[in-house]
Structure formats: C-alpha cells, structure tokens
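# Geometric and topological summary
Read off the chains here:
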Amino acid sequence: MSILPAALPFDDSRRLTGCNLYFDGAGAVLETVGVAIDDALLEGWRTRSALACHALGWADAPPVVRRHASGAALAFEAPIDQLFSATEVNEWAWLATLAVVLAMDVGLHAPGHPAAWDEASALHTLRASAAAERRPELPVLLQAAEAHGLTVLIDDEVFSIGEGTGVRSWPLKNLPAVDAVPWPTLHDIPVALVTGSNGKTTTVRLLAAMAHAHGWHAGHSCTDGVFVDGRAIDSGDFSGPAGAREVLRQPQVEVAVLETARGGILRRGLAVQHANVAVVTNVSDDHFGEYGIHDLDGLATVKLTVACALGADGLLVVNADDAVLVRQAAALSVPLGWFALDDAHPLLRAGREQRGSTCGVHDGRLHLFQHGVDHDLGVVAQMPLSFAGSAGYNIANIAAAALAAAALRIPADTIASVLARFGSAHADNPGRLQHWRFGALQVFVDYAHNPEGLRGLLGVATASPGHGRLGLVLGQAGNRENADIRELAAVAAGFQPQRVVLKDIDGFMRGRVAGEVAGILRDALVHNAVPVEAIVECLDELDAVRGLLAWARDADVLVLPTHGVQARQAVVELLDGLQATGWSAGTALPEN
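Before going into details, it helps to say that this report is about the structure given with it. Everything quoted here is computed from the prediction, not taken from an experiment.

Criteria and cut-off values
Per chain, residues are indexed from 1 in the order of the written sequence. Residues qualify for local features only when their pLDDT is at least 70, as the model is predicted, and side-chain atom pairs are given and counted only at 80 or more; totals for whole chains, interfaces and linings, by contrast, use all residues. Side-chain measures here rest on the full set of heavy atoms in the structure, leaving out hydrogens and waters. By convention, a stacked pair of Phe, Tyr or Trp rings (six-membered ring in the case of Trp) has centres within 6.5 Å and planes under 30 degrees apart, an edge-to-face pair has planes over 60 apart, and any other such pair is tilted. Counting from the N terminus, the helices are the DSSP runs of H or I reaching at least four residues and the strands are the DSSP runs of E reaching at least two. Consider the ring centre and the ring normal. A charge sits over the ring if Lys NZ or Arg CZ is within 6 Å of that centre and within 35 degrees of that normal. In this description, a line fitted to the C-alpha atoms serves as the axis of each element, helices being fitted only across the stretch in contact, and the angle between N-to-C directions of two axes falls anywhere from 0 to 180 degrees. Roughly parallel means an angle under 35 degrees; roughly antiparallel, over 145; roughly perpendicular, 65 to 115; everything else is oblique. The handedness criterion is simple: a crossing whose near helix is rotated anticlockwise from the far helix by less than a right angle is left-handed, and one whose near helix is rotated clockwise is right-handed. Two residues qualify as a contact provided that any one of their heavy atoms is within 4.5 Å of a heavy atom in the partner residue. Each residue is assigned to one of three groups, with Ala, Val, Leu, Ile, Met, Phe, Trp, Tyr, Cys and Pro labelled nonpolar, Asp, Glu, Lys and Arg labelled charged, and all others, Gly among them, labelled polar. Any two cysteine sulfur atoms lying within 2.5 Å of each other are counted as a disulfide. Remark: exposure states derive from per-residue accessible area (1.4 Å probe, protein chains only) relative to the maximum for the residue type, with buried under 20%, exposed over 50%, and partly exposed in between.

### Concerning the packing of aromatic side chains
In the structure shown here, the tally under the stated rule is 4 aromatic pairs. Summarising the aromatic geometry, the rings of Phe438 and Trp583 are spaced 5.3 Å apart at their centres and angled 80° between planes, so their arrangement reads as edge-to-face. Within this pair, whereas Phe438 is found in strand β19 (residues 434–438), its partner Trp583 is found in the segment after α17 (565–580), the two being separated by 145 residues in sequence. Over the aromatic face of Tyr447 sits the side chain of Arg432, whose NZ or CZ is 4.3 Å from the ring centroid. Between the NZ or CZ atom of Arg469 and the centre of the ring of Trp551, over which it lies, the distance is 3.8 Å.

Written out as structure tokens, the structure reads:
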C-alpha cells in the first residue's frame, strides 16, 4: 500500500528498468503536474530523495531534474531489485517538499489533501518496503552476467541471461545460484535497434528481410507484433521493451531487429544493455505533451537514447537530412554512420574521407560506403519501396536499413538483392505505402500517423500527372494535443482534397469521446479553406473507406491512412476482394 494520499500533485511515477533519458541504469522518475516549479522546490526534492536513498543504503548517484514546459521530471538511480520502493521514495520526497515549501499555497492541508508523512515515519516505512522487495541474488547474477559480457532481460515475472539461441530464462521468484547458471551455453546475438518518428516499421521489416536473406533466423518486433522469419508469433503494438524481450527470448532467433518507440524509452528505458547498431530515422512533430516532451529537441534527445546501448564497435545510423538529429548526434561519442537522399551531402562526404559508413543516392543509384569501399546497390527507381523514385521518405528508410545491415556484416550483394524485390508484394510491408489500381483509380493505404507522414504519403499519391480528384479518410489518435490534430488537418488541406471522410480510430481514443477528434479536424479543415460540403463524418473506419470508394470515379486518387492492425486487415481484405472481382469505380460495392 502506498504511504501517500490518493489525490497527488504529480502526473506519473514509474520505474525505469534500463538505459533511459536521465541515466544509463535503473531507477525511478516522477512527473510533476499542477505546480509551478522553482529552485526551492527542486532543492527540497533533491535533499529528501538523497536522504532517503542514503538511508536505504543505495548508491549516492546525484538526482536528475529535467525542467520542461509543463513541470519537471524528477529522477534518480536505484537498485534494480527495489524499484517499486524507489517510486515510493520519489513520491514521498516530492510530496514532503511541497508540504514544507508551499504549505497552504497549494492546498496540501485543505480537506482531501493530507500532509505528507513526517520524515521519521516515512523512512521507517520505506526501509520496510525496500527490505521486503529486495532480492539479494539478483544483483549478484547481474554482476556475473556483466562479467561474462551477457545481456540480462528482466520483467515482472521472468529473468533471462543471453539472447536468442544463447538465452536461458528463470522465474523471477526462483532465481538460480550463480554457480548453477550454465554460463558456457549462453551468449548474445546481433541486435539492431530502430527508432524515429516515421519509417521505423518499414526500416525494421526491411532490415529483418536482409538478415533472413543472409541465412539467419531473424526475429523482429514492431507496431504490428513479434515475428520470427516473417511469421507472427504475437500481434499488437510490440514496439516497446516487452516486444524486445519477447524476440530475444525466442531460442531459435539468431539476429534481432527491434522497433524502439519513444513511449517505451520514456516509460521504462531500453530493454537491452548492448546493441550492434542503432538507427534513428528522423524526428517530427508527434506525441508532444506526453512525459514532458514538448519540442523536437526533446524528442530527438529521447530517440538518441539508443546510443547508450552501443559500444566502441557499434554504429549509430543517423539521418543527415534532419538538422535536429545532426546537431545532437555531433555531441555523442559513439561511431556515426550517415545517410541522406543526396550522396553529396557534406556529412556524407566528410564521412567517406574518414573511411566511415555512409549511404546516399548518386545519379539515381544508391551507394553504400564502408571501410573505404563504395558499393553500388542499384537503381533507386527500380526498388519497389521507392515507388518509382517518388517516395523520398522510403528512400531514406532504404538507405538507413542498408547502413544497418552492413554494420551487421551482411554482404552488399545480399543487401542489393533484397532492395531489388522488397515491397513488390503487399505482404512485405503491410500497412505502409500499399497500392491498388482499379482501372485508372488508385488507392493508397499507409500508417501516416503524424503531419510529416501524411505529407509524404499525399506527396507520393498525387505525384502522377493527370490524376483526378483526391479523396482522403482522416483521423487521429486521441492522445495528441489539439494543436497537433489541427496541424494534421492543415497538411491535408494543403493538397486540396475534394473529399475528406472523418473517422475515429478504434482503440486509440485515449480519453476522447466519439467524434471529438473529428470535430477538431473539421474545424481545422474549414479554417484551411476546405469547402464544408467536401467534408463528411463517418466515424467507423471501414464504413468511411467504403463511403469513399462509393464516391470515387475513374482516375481519382484515394488515400486511406489506417492505424490499428484489425482495421488495416479489414481494409486490405476489402480492397483485395474488390480487385479479385474486377470492381471498377462508379459501380456498386458488394454488401458487407
């Protein structure tokens, strides 16, 4: 039971189980809310959290404060086997400080807001909590695994040493003695981490295909699930630490490609201590307002956390066309590999001069430069993912995956062979730039979950000359700020669609009521000169798609951003069925 009252002036208090935004180890972080942050408050929190950590016998690592637009994040390191107690320490230190510094000004003594526990009582309770939670054998195993150079994976129920073909797992409640661990049989496998605002899943799938073509049993995790050699073993959004652990605990897996989303990094930190290569595709406006991240610089800092898993022989693959990433990556001490749409980019030229790793386009061909050797990977426009060279964002993903594959020591000819075919079948990259033709009518399905992604998708969809009207299904997850939802509508309006069908995204309402997001989108579309009569509301996603298909004429272009796995499968099944029956625009759709 918590030692704290029920109504509290903090938004979130959580464990950090791996390398994170604040430090490289485990610990706890608290996100303040509803309180103006000043130096006296922060100093009081530092003093009390340090006092409690010292009383519990924890390391005297300095507490970390990250101030931001909506408050502050308060974090400190703690033993991996006492993290629930660490959150209690953090909550007490914060609340006690508020009680002392702010007193009646913030109403902590008003009815319903009892004061924090006194120091002696709190420390007594915290000592008891930490003693009950402590597992003395766990730190010993961690130290031994580190001495053997092995990754440790921990969740609330399972403890593992090693990865893939070299993994062994035990129930967390029944840990082995150090001398009972079969150390000679354990080992790590090659691991790639992929993060960024856009293109993560495509890059993961492409890199996993390259690893499989190299002859490895490849496991990967992404927003669609967990896969081994392309076969789904779990479905859902597994782009966080849980997905990474599930891949790495598959005993047949010889290489792992792990989508590493912002949310997982912020909530828990990285699942792994070591990786061979990490990719940061880009940063763009998305998820602002969550966990104190309010701008691109903050988002880039989160994404670049993947660098802490790289050693001196690893490689951080970074988008040289992203100015924010370039500025922050320059301060990192890990080896950098640069990719860009233009092989003549100054960072790529400088990288080649220093015999570093680069990948970019020269005279329409993709060139990978590694260890002083220039590898021609083929004509970009002939690579299916590039959509005849028009999908610039996918060309960037291709270059990033090629660099990462080379860092995993996959030969250049294998990389080139995969690039020449990957994306030609819908099953290669489901939900990302999938394309159907019904006569002259074109239909595009893509994830496109933020303004930058939608801009890229609409740019590809409208690139062909002489196309007819543009129709679009538009929705957004409820956890985006209103300004971000309006920006998405502004991007859509900039392409002058003749029809916009507004939807809800089932499973992504995140506290919004039905039609609330659609209302914000409608107002923003009208504000950006989309005619009122061009906007239709149909909150069910599949019905919205069917309605847009019924509206379409030959030569029109329809763009269908879809998000949930089930919704996308339903849309794909509908489009595949229409194609199989020879449906054409202007004719009746079959009944559901």
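Back to the text.
### Concerning the packing of helix α5 (residues 200–213) against helix α12 (residues 412–419)
Contact geometry of α5 with α12 gives a least axis separation of 9 Å together with a crossing angle of 125°. By the angle class used here, α5 and α12 are oblique. Helix-helix and strand crossings are classified by hand; for α5 and α12 the assignment is right-handed. Contacts between α5 and α12 involve Leu206, Ala209, Met210 and Ala213 from the former and Thr414, Ile415, Val418 and Leu419 from the latter. The residue inventory of the contact of α5 with α12, partitioned by class, reads 7 nonpolar, 1 polar and no charged.

### Looking at the state of the cysteines
Counted under the stated rule, the structure contains 1 disulfide. Of all cysteine sulfurs in the structure, the one in Cys19 sits closest to Cys53, which takes part in no disulfide; the separation is 19 Å. Relative accessible area serves as the criterion here: at 6%, Cys53 is assigned to the buried category.

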